[in-house]
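In case you want the letters, here they are:
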Amino acid sequence: MKIRLLTIVFSGICLLTGCKQAQTQASEEGLRGAVESKDELPPTPHAEISMSSIIDMGVFTQEDIKKSTLVSLTNIGTDTLVIIGVQPECECTTATVIDSIVPPHGTGRMRVSLDLRGYPADTIYKDVSIVSNHLEGKVLTFRLMGVIQ
């Protein structure tokens, strides 16, 4: 009787352990499948600005000491680009966003001005930062360049 009871208990433990092992194996296979299928998912949509890093404003003279130009940028991402604002380096530089919403593969514009009054004859560089959803909030900076004669 004791042997029979021990056999039943032992068999039950083996069955439970076997089931537990089978469940663990199935769970591991399911996780592996989930990881493999994750690689097959399309990339997450994102906005990404492509533009020239240096905008050459040309030669400035005492008669033509303030210049303005239109700057283009392209959204090469797969999501809509939203330009929140622009931040010039100093008061001699202004930037105004014309197109604050740029669809994927679309082009946006901003007007920039550089007033180099009071600067000595030299090559001057001024930075402008664009605050947007570019690559998940990364601030993009481009440089204005002018030569004073």
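So, how was this worked out
Residues numbered from 1 in each chain as written. Predicted model: local features only at pLDDT ≥ 70, side-chain atom pairs only at ≥ 80, totals over all residues. Heavy atoms only, no water. Helix = DSSP H or I, 4+ residues; strand = E, 2+ residues; numbered from the N terminus. Buried < 20%, exposed > 50% of the residue type's maximum accessible area, 1.4 Å probe, protein only. Areas by Shrake-Rupley, 256 points an atom, 1.4 Å probe, with all protein chains shown as cover. Patch = residues over 30% accessible without salt bridge, like charges linked within 9 Å, V, L, I, M, F, W, Y side chains within 5 Å. Salt bridge = Lys/Arg side-chain N within 4 Å of Asp/Glu carboxyl O. Core = buried A, V, L, I, M, F, W, Y, C linked by side-chain atoms within 4.5 Å. Contact = heavy atoms within 4.5 Å. Polar contact = N/O pair within 3.5 Å; in protein donor to acceptor, adjacent residues only side chain to side chain.

### Here we look at the overall build of the protein chain
Alright, step 1. A tally of helices and strands in the protein chain yields one helix and nine strands.
Alright, step 2. Sequence-ordered secondary structure for the protein chain, helices as α and strands as β, is α-β-β-β-β-β-β-β-β-β.
Alright, step 3. Expressed as a percentage of its 149 residues, the buried residues of the protein chain come to 28%.
Alright, step 4. Of the roughly 10,000 Å² that the protein chain leaves accessible, carbon and sulfur atoms contribute 57%.

### Overview of a nonpolar patch on the surface
Alright, step 1. The grouping of V82, I84, I101, V131 and V139 at the surface amounts to a nonpolar patch, some 420 Å² of accessible area in total.
Alright, step 2. Mapping V82 onto the fold places it in strand β4 (residues 81-88).

### Observations regarding the nonpolar core
Alright, step 1. Of all hydrophobic cores here, the largest spans 25 residues; its most connected members are L73, M110, V112, I130, F142 and L144.
Alright, step 2. Where this core is concerned, the elements lending two or more residues are β2 (54-60), β3 (66-75), β4, β7 (107-115), β8 (123-132) and β9 (140-148).
Alright, step 3. Examining the composition of this core, we find that four residues originate from one element, β9, more than from any other.
Alright, step 4. With near-sequence residues (within four places) excluded, M110 lies in contact with T69, L70, V71, L73, V86, T96, V97, I98, I130 and F142.

### Let's talk about the environment of N75
Alright, step 1. Looking at the secondary structure, you find N75 in strand β3.
Alright, step 2. Among the residues examined, N75 registers a relative accessible area of 0% and is labelled buried.
Alright, step 3. Taking the C-alpha atoms as reference, N75 lies 5.5 Å from P104; in sequence the two are 29 residues apart.
Alright, step 4. Setting aside residues no more than four positions away along its own chain, N75 makes contact with A47, E48, T80, L81, V102, P103, P104, H105 and G106.
Alright, step 5. Within the local environment of N75, its side chain forms a polar contact with the backbone nitrogen of E48, the two atoms lying 3.2 Å apart.
Alright, step 6. Side-chain polar atoms of N75 contact the backbone oxygen of V102, separated by 3.1 Å.

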